[in-house]
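# Chain and residue survey
Here are the chains, one letter per residue:
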Amino acid sequence: WAAAQTARPPSTKPDHWPLYYQITSLMIISKSVLIQRMSESILRLLTGEVRKYLIPDLERLEKLRPQGSEGLASCAIPTAMFLFVIADFFGYLVRNDSKKPKLDDTEGNLRAIFTHPLSKFSSEYAERVKTLVGLFRNGLMHQIFPKAAGIRKAGNIVHLFDRFDGLDHLNVDRFSADVLSP
């Protein structure tokens, strides 16, 4: 496809030009069909599996609230892990900043979903994407606990981060509300 975009018709044999243009047109039509099929697949994924499996699981995790004075048993860590996975995957699906986005480019994927025109994430997400990826997402996925940071269900959706004990704490309630916002 890239070669067809930059290639020029053979100038030495004008009788081959119609064939060149037919091939180029077929490549363009094929790409359009491919993009349409990918869009249909993504739509089926969003309206099917996501609505059927992911959203109900997230809603159930949201209902688990901190217990006791120490705020235990709220499943804040698995909830946040699940939210990062969903946001990362959706970011990968909507990326348009490169011809071949990488599924393993978490920061790029999260930046794409946080700044997508149809998403409802506040600008704070894009401004703090390095913190979200470096401290929280990578800490949770690779070490179970955030790196030099905290995580909690704050019982409100006012702030994405709270700062106490000298550390930033990710408010999973806010993150969940933003990921699930229609």
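The structure reproduced in this document is the subject of the present report. Keep in mind the model is a prediction, meaning the values are calculated, not measured.

## Topic: the overall build of the protein
A tally of helices and strands in the protein yields 7 helices and 3 strands. Taken from the N to the C terminus, the helices and strands of the protein come in the order α-α-α-α-α-α-β-β-β-α. Each of the 182 residues in the protein was classed as buried or not, and the buried ones make up 30%. Residue pairs at least 24 apart in sequence account for 41% of intrachain contacts in the protein once pairs closer than 6 positions are excluded. When the accessible surface of the protein is split by element, carbon and sulfur atoms take 59% of a total near 11700 Å².

## Focus: helix α4 (residues 106–115)
Counting buried residues in α4 gives 7 out of 10 residues, a clear majority hidden from the surface. Taken together, the buried positions of α4 are occupied by Thr-106, Gly-108, Asn-109, Leu-110, Ala-112, Ile-113 and Phe-114. Tucked inside the fold, the buried residues of α4 contact α3 (76–94), α5 (123–127) and α6 (129–143).

## Some details on the environment of Asp-168
Assignment of secondary structure puts Asp-168 in strand β3 (residues 167–171). Sequence spacing of Asp-168 and Ala-148 is 20 residues, and the spatial spacing of their C-alpha atoms is 8.2 Å. Within polar-contact distance, the side chain of Asp-168 engages the side chain of Arg-163 at 3.4 Å.

## Details of the environment of Pro-101
Looking at where Pro-101 falls in the secondary structure, it is placed in the loop between α3 and α4. A relative accessible area of 22% places Pro-101 in the partly exposed class. Apart from residues lying up to four places away in sequence, Pro-101 is in contact with Tyr-92 and Arg-95.

Definitions and limits used
Residues numbered from 1 in each chain as written. Predicted model: local features only at pLDDT ≥ 70, side-chain atom pairs only at ≥ 80, totals over all residues. Heavy atoms only, no water. Helix = DSSP H or I, 4+ residues; strand = E, 2+ residues; numbered from the N terminus. Buried < 20%, exposed > 50% of the residue type's maximum accessible area, 1.4 Å probe, protein only. Contact = heavy atoms within 4.5 Å. Areas by Shrake-Rupley, 256 points an atom, 1.4 Å probe, with all protein chains shown as cover. Polar contact = N/O pair within 3.5 Å; in protein donor to acceptor, adjacent residues only side chain to side chain.

Function cannot be inferred from these measures alone, as they are strictly geometric.
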